[in-house]
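# Understanding the architecture of this molecule
Each chain is listed here by its residues.
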Amino acid sequence: MRFSWLNIRDPRITDDLLEDFYSGNSVFDDFLKNKAGDWQDYSEAATYVFITSDEEQSEVISRIYGYVSINSTGLLYENSDGEKQYLSCAEIRMFAIHKSLRRKLNPCSNYSSVLFKMVLQRLYFMSTSVIGFRAIFLNANNEGYRLYVNSGFSEVTDYLAPETEEKLSLEGTTPLLLLINEGTTDLLFS
């Protein structure tokens, strides 16, 4: 199955499609159904939903397979001269797939990895051709931690992560970072 993503404000993304999405996590489901549109309208984060490429071409969309919400941020650090600077980042605020696509229910498929790699490839493209940023940041919950680490992310140690932003009741998250460099291209496009 091949996937595409559409902005949540695409007219083909109906309220019924949003209501039918079920990740199994009420915080993620509530965000998509009740907050993502407002966040986008107020330039807090842009949200994209994953659909099949066939449905995008046919103009008939029957299901949302997952979504990602992205915004910009910066991580504070001290350079070698002791000056404070910001590392410009894209932040993945929310990433969820439909519960029926999880590996436990689909042992032969790893849709989480496929969709997440698609996100990372798009962000890499954006960082090199649309707006510059040097890293991708996210706060990983326990459920997604392994996926993110397997995708090249590591725990934030040399940077001060943003603390004052609304975390959408995602307690127990771990700040993770993927620096965009030569090694990233090998990871993302292999």
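Details of the structure are given in the entry above.
Structural notes, computed from the coordinates.

So, how was this worked out
Residues numbered from 1 in each chain as written. Predicted model: local features only at pLDDT ≥ 70, side-chain atom pairs only at ≥ 80, totals over all residues. Heavy atoms only, no water. Helix = DSSP H or I, 4+ residues; strand = E, 2+ residues; numbered from the N terminus. Buried < 20%, exposed > 50% of the residue type's maximum accessible area, 1.4 Å probe, protein only. Contact = heavy atoms within 4.5 Å. Areas by Shrake-Rupley, 256 points an atom, 1.4 Å probe, with all protein chains shown as cover. Pairing = 2+ DSSP bridges. Axes fitted to C-alpha atoms, helices over the stretch in contact; angles between N-to-C directions. Phe/Tyr/Trp six-rings, centres within 6.5 Å; stacked < 30°, edge-to-face > 60°.

Attention now goes to the overall build of the protein. The helix and strand tally for the protein stands at 6 helices and 7 strands. The helix and strand sequence of the protein, counted from the amino end, reads β-α-α-β-α-β-β-α-β-α-β-β-α. With 190 residues in all, the protein has 45% of them scored as buried. Here the contacts in the protein between residues at least 6 apart in sequence split such that 68% fall between residues at least 24 apart. By element, 47% of the accessible surface of the protein is carried by carbon and sulfur atoms, the whole surface being about 10,500 Å².

Taken in spatial order, the 7 strands make up an open sheet running 1-2-3-4-5-7-6, and their pairing is mixed. Two strands in the sheet have a free side with no partner beyond their single neighbour: strand 1 (3–7) and strand 6 (154–155). Of the strands in this sheet, strand 1, strand 2 (46–52), strand 3 (66–78), strand 4 (84–97), strand 5 (135–140) and strand 7 (174–179) touch helix 4 (residues 111–129), which is tilted by about 145° from strand 4.

Burial analysis of strand 4 places 10 of its 14 residues in the buried class, which makes it a mostly covered element. Relative to strand 4, strand 3 runs antiparallel, the two being bridged by 13 bridges. Bridged to N71 within strand 4 is E91. The hairpin formed by strand 3 and strand 4 contains 5 residues between the paired strands, and G82 there has a positive phi angle of roughly 80°. Here 4 bridges tie strand 4 to strand 5, and the two strands are oriented parallel to one another. Counterpart to A90 in the pairing with strand 5 is I136.

Strand 5 sits mainly inside the fold: 5 of its 6 residues count as buried. Summarising the sheet, strand 5 and strand 7 pair through 6 bridges and their orientation is antiparallel. Bridged to N139 within strand 7 is P175.

Here we take up the packing of aromatic side chains. Any aromatic ring pair is given by two values, namely how distant the centres are and how the planes are angled relative to each other. One pass over the full model with this rule turns up 12 aromatic pairs. Judged by centre distance (5.4 Å) and plane angle (70°), the rings of F3 and Y65 are edge-to-face. Residue F3 is found in strand 1, and its partner Y65 is found in the loop between helix 3 (53–58) and strand 3; the two are separated by 62 residues along the sequence. A centroid spacing of 5.9 Å and a plane angle of 45° characterise the contact between F116 and F153, whose relative ring orientation is tilted. With a gap of 37 residues between them, F116 in helix 4 and F153 in the loop between helix 5 (142–150) and strand 6 connect regions that are remote in the sequence. F153 carries the same exposure label as F116, and that label is buried.

With respect to the helices, strands and loops of the structure, E78 is situated in strand 3. Spatially, the C-alpha atom of E78 lies 8.0 Å from that of Y159, the residues being 81 residues apart in sequence. With residues up to four places along the chain from it excluded, the contact list for E78 reads E83 and K84.

Further remarks concern the environment of Y145. Tracing the chain through its elements places Y145 in helix 5. Between the C-alpha atoms of Y145 and L176, which are 31 residues apart in sequence, the distance is 8.8 Å. Sequence-distant contacts of Y145, defined by excluding residues within four places in its chain, comprise A140, E155, T174 and L176.

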